[in-house]
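Residues per chain, in single letters:
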Amino acid sequence: MSGRGAVAGESGSLALHSSLAGEIDHIENVKRVVARMKAIVYRRYGGPEVLGLDEVPKPVSSPSEVLVRVKAAGVNPADWQIRSGKRTSLPEPFTMIPGLDLSGVVEEPGQSGLEPGIRVFGMAPLRLESANAGSYAEFVSVPAEQIVPMSETMSFEDAAALPVAVLTVWNSLFEQAELSPGQSVLVHAAAGGVGHIAVQIAKSAGAYVYGTASSKNLSFFTGHWGRQTHRLLHGAIRRCGQRC
């Protein structure tokens, strides 16, 4: 009798434990769903005046995504192009959070293998067929393959300025031009956000790099790449004159 009672008691305890665990998981899921965050949003297409600060639901990440607490977000031409309706046409009203580039710390790693709290940077997913949940927010869910750890010496602001510009350069030099060591590259607007990255990546790939820039930006190149770059750019500007 006592033995059978003990077994029954243990079974009841296990069932109760399982039930409580299920309830706790349900409560945690509900909390995640109703959690809110601040974000820059717009609900119709237009100019900068359609942007506003609002409270929206905090994103819920899937196992293949990483939830990032955003520390800095980059600004790109794609942001205003989408906001103005040039790259998508959704029925209004909608709730759109702009922003692609981001840096921050891992809040929930999912199955990425990243540790919570680690500094990361990358790109938010761009969903033109539905309302976008971009990086102009306190939190953003990012596919694990679109996020990487940051260097400890890099600031959040610098990291958030890189992803779109670097991918633009990589696509231009290697996917389109098929750049190889020993070839020559001419970079126009070599002091710009994309241009100065193109100079560095092409140089690291073993190419001979030539660039053009306005005279006011020559000190930028002198400080970063020395007098040879200064002479090269100065000569290019002198020969171009007003035609560039």
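Above this text is the structure in question.
Residues numbered from 1 in each chain as written. Predicted model: local features only at pLDDT ≥ 70, side-chain atom pairs only at ≥ 80, totals over all residues. Heavy atoms only, no water.

Participant: Help me understand helix α5 (residues 195-204) in this model?
Facilitator: Because each turn of an α-helix spans 3.6 residues, side chains separated by three or four positions end up pointing in the same direction. Inspection of α5 places Gly195, Ile197, Ala198, Val199, Ile201 and Ala202 among the buried residues, and these make up the whole buried set. Once α5 ends, the next one or two residues include glycine 206, with phi positive near 90°. (Buried < 20%, exposed > 50% of the residue type's maximum accessible area, 1.4 Å probe, protein only. Helix = DSSP H or I, 4+ residues; strand = E, 2+ residues; numbered from the N terminus.)

Participant: Looking at this model, I keep getting lost on the pattern of salt bridges. Mind explaining?
Facilitator: Opposite charge on two side chains allows them to pair when their charged atoms are near. Counted under the stated rule, the structure contains three salt bridges. For arginine 43, the salt bridge goes to aspartate 54, with nearest N and O atoms at 3.0 Å. You can see arginine 43 sitting in the loop between β1 (36-41) and β2 (52-57) and its partner aspartate 54 sitting in strand β2, a full 11 residues away along the chain. In this structure arginine 43 comes out as partly exposed when scored by relative accessible area, which is 34%. (Salt bridge = Lys/Arg side-chain N within 4 Å of Asp/Glu carboxyl O.)

Participant: What is the right way to read helix α4 (residues 163-176) from this model?
Facilitator: A rise of 1.5 Å per residue sets the reference length of α4, with its 14 residues, at 20 Å; its end C-alpha atoms lie 18 Å apart and thus fit the reference within 8%. Where the residues of α4 are buried, they touch β4 (101-108), β5 (119-123), α3 (156-160), β8 (184-187) and α5. Just downstream of α4, glutamate 178 is the residue with a positive phi angle, here 55°. (Expected span 1.5 Å × (residues − 1). Contact = heavy atoms within 4.5 Å.)

Participant: Is there a simple way to think about unusual backbone geometry in this case?
Facilitator: Trans is the common state for peptide bonds, and a negative phi is the common state for residues other than glycine. The omega torsion of the bond from glutamate 92 to proline 93 falls at 0°, within 30 degrees of zero and hence cis. Relative to the helices and strands, proline 93 resides in the loop between α2 (77-83) and β4. Phi at glutamate 178 is positive, roughly 55°, even though this residue is not glycine. As for its position among the elements, glutamate 178 is in the loop between α4 and β8. By relative accessible area, glutamate 178 is classed as exposed at 60%. The residue alanine 189 is not glycine, and still its phi comes out positive at about 55°. Its location among the elements puts alanine 189 in the loop between β8 and α5.

Participant: Honestly, the side chain of threonine 212 in this entry has me stumped. Any pointers?
Facilitator: In this structure, threonine 212 sits in the loop between β9 (208-211) and α6 (218-240). A distance of 3.0 Å separates the side chain of threonine 212 from the side chain of histidine 188, its partner in a polar contact. (Polar contact = N/O pair within 3.5 Å; in protein donor to acceptor, adjacent residues only side chain to side chain.)

Participant: For this particular structure, what's the right way to read the side chain of serine 61?
Facilitator: For serine 61, the location among the structural elements is in the loop between β2 and β3 (65-73). Only 2.6 Å separates the side chain of serine 61 from the side chain of serine 141, close enough to count as a polar contact.

Limitation: the analysis is restricted to geometry and does not speak to function.
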